[in-house]
2 protein chains.
Amino acid sequence: MTPNTLNSESLAQKLAHSGLRNTPQREVVYTALLTKRDHPTADEVHARVRADLPTISLATVYNCLETLVQCDLVRAVNFERGPTRYCPNLAPHAHFHDEATGATFDIDLPTGLISKIKDVLPPGYDADAIDIIFRGKTTATR
Amino acid sequence: MTPNTLNSESLAQKLAHSGLRNTPQREVVYTALLTKRDHPTADEVHARVRADLPTISLATVYNCLETLVQCDLVRAVNFERGPTRYCPNLAPHAHFHDEATGATFDIDLPTGLISKIKDVLPPGYDADAIDIIFRGKTTATR
DNA sequence: GACTAGAGTTAGAATAATTCCAAACTCCAC
DNA sequence: GTGGAGTTTGGAATTATTCTAACTCTAGTC
Ligand SMILES: [Mn+2]
Ligand SMILES: [Mn+2]
Ligand SMILES: [Zn+2]
Ligand SMILES: [Zn+2]
């Protein structure tokens, strides 16, 4: 079983679970996100998937990305004005945005920290998700 | 010394510090943010300040907000696609976004927690700001 | 007190990202 | 094979923001 097969299966499964079909467009979009995990925009995804599916439209890329987000296969990320970015990393993680280069990196979060952060919420606030964005510069070892 | 005078002074000071003038437009925009701290959009600010300055344009509201952000009197907040929101709370704080109502609340952050969060950054990542957004529902006591 | 250069404001045009729409297409289940 | 839901597509529409060029104000300078 290749990683690719595995991805296809998990994609097909999750789509089926939501009563949706597995289409070539949805596959190439999802594969593009898994292949280069640099938090691309819809436009960037469009450019990449055209290599595989030259006739795919930008509207379809938006549709597929939205579908993947609905199926919890992909996270939509917004940390500044500008195009939404997409991330296939399902593990709880924060994002580091390098202001100099514009690059975005995943930062793993220890599970303990998340509950510690939730502790700052006063009673009456019930969070089901936390987004953490670091902004700064990266140096040397990357 | 009224709070209003105090605000005007700190505004005038910070503007002067950046070599900028204190204009009626900048004052009403800043005052609007301080008066109702509900993280309004530029459009909402525009609607509010028109009561004081009926001829102010939306472009000017955008200009003033940008100026206030540059002067570190106001934070621009983006946690989802949609208009940028503005926050005059200068203390380190997180945001709680109520998905049901769309309302955004400030959540104070103990200083210790911030450095604890920064500890998760691997070497080579140097963050000069952290944004934390909670998403969920608020109940009862608000 | 008028003069001027630069800073600030304004309305409207332009841009960028996304969503909407209606038509064409695909895939099964019957 | 047909019908119908689900999907894709190109282009129009929408939304938020930025740009532009003209106008206005203000702080010095004479
Ligand atoms: Mn950036
Ligand atoms: Mn919302
Ligand atoms: Zn990510
Ligand atoms: Zn705030």
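Described below are features of the structure shown in this document. Please read all numbers here as calculations on a predicted model, not as lab measurements.

Looking now at the overall build of chain A. From N to C terminus, chain A includes 5 helices and 5 strands. Secondary structure of chain A in N-to-C order comes out as α-α-α-α-β-β-β-β-α-β. Viewed in the frame of its principal axes, chain A has a C-alpha envelope of about 50 × 35 × 30 Å. Burial analysis of chain A (142 residues in total) assigns 42% to the buried set. In chain A, of all internal contacts separated by at least 6 residues, the share reaching a separation of at least 24 is 44%. Only carbon and sulfur atoms are counted for the fraction: they give 52% of the accessible area of chain A, which is about 7600 Å². Taking the average place of the 15 positive charges on the side chains of chain A and the average place of its 17 negative ones, the gap between the two points comes to 2 Å.

It is worth spelling out the interface of chain B and chain A at this point. In this complex, chain B contributes 39 residues to the contact, which on the side of chain A involves 39 residues. Together, B:Arg81, B:Tyr125 and B:Phe134 form the three largest contributors to the area buried by chain B at its contact with chain A, with a combined 19%. Summed over the shared surface of chain B and chain A, the number is 4 salt bridges. When the shortest N-O distance is used, the salt bridge between B:Asp128 and A:Lys137 registers 3.7 Å. Applying the counting criterion to the chain B and chain A interface returns 14 residue pairs in polar contact (both at pLDDT 80 or more).

Attention now goes to the protein's contact with DNA strand D. Around DNA strand D, the surrounding shell holds 17 residues, and the nearest of these are A:Thr23, A:Arg26, A:Thr60, B:Tyr62 and B:Thr84. What you see for DNA strand D is that sugar and phosphate hold 78% of its atoms within 4 Å of the protein. Within the residue set of the surface near DNA strand D, elements represented by two or more residues are α2 (24-35) and α4 (58-70) of chain A together with α4 (58-70) of chain B. In terms of residue count, the dominant contributor to the surface near DNA strand D is α4(A) (3 residues). Here the residues of the surface near DNA strand D are counted per class, giving 6 nonpolar, 7 polar and 4 charged.

This structure, assessed with the given rule, holds 6 aromatic pairs over all chains. Seen from their ring centres, A:Phe96 and B:Tyr125 are 5.0 Å apart, and the 75° between their planes marks the pair as edge-to-face. Residue A:Phe96 is found in strand β3 (residues 93-98), and its partner B:Tyr125 is found in strand β5 (residues 125-138); the two belong to separate chains. Here A:Phe96 matches B:Tyr125 in class, with each residue buried. Taken together, a centroid distance of 5.7 Å and an interplanar angle of 80° make the contact between A:Phe105 and B:Tyr125 edge-to-face. Here B:Tyr125 lies in strand β5 and A:Phe105 lies in strand β4 (residues 104-108), a pairing that spans two chains. Ring pairs connect the aromatic residues A:Phe96, A:Phe105, A:Phe134 and B:Tyr125, which therefore count as one cluster.

Now for the relation of the copies chain B and chain A. The transform that puts chain B on chain A rotates by 180° and translates by 0.0 Å along the axis, for an RMSD of 0.0 Å. Such a combination of turn and shift is consistent with a two-fold rotation axis. Relative to the rotation axis, the C-alpha of B:Ile132 is the closest in chain B, positioned 2.3 Å from it. Taken together, the interface assignments show that 100% of the residues at the interface of chain B recur at the interface of chain A, consistent with an identical surface on both copies.

So, how was this worked out
- Residues numbered from 1 in each chain as written.
- Chains lettered and ligands numbered in written order.
- Predicted model: local features only at pLDDT ≥ 70, side-chain atom pairs only at ≥ 80, totals over all residues.
- Heavy atoms only, no water.
- Helix = DSSP H or I, 4+ residues; strand = E, 2+ residues; numbered from the N terminus.
- Buried < 20%, exposed > 50% of the residue type's maximum accessible area, 1.4 Å probe, protein only.
- Contact = heavy atoms within 4.5 Å.
- Areas by Shrake-Rupley, 256 points an atom, 1.4 Å probe, with all protein chains shown as cover.
- Lys, Arg positive; Asp, Glu negative; His and termini not counted.
- Charge placed at Lys NZ, Arg CZ, Asp CG, Glu CD.
- Buried area = accessible area lost by both parts, 1.4 Å probe.
- Salt bridge = Lys/Arg side-chain N within 4 Å of Asp/Glu carboxyl O.
- Polar contact = N/O pair within 3.5 Å; in protein donor to acceptor, adjacent residues only side chain to side chain.
- Near = heavy atom within 4 Å.
- Nonpolar A, V, L, I, M, F, W, Y, C, P; charged D, E, K, R; others polar.
- Phe/Tyr/Trp six-rings, centres within 6.5 Å; stacked < 30°, edge-to-face > 60°.
- Least-squares fit on C-alpha atoms with pLDDT ≥ 70 in both.

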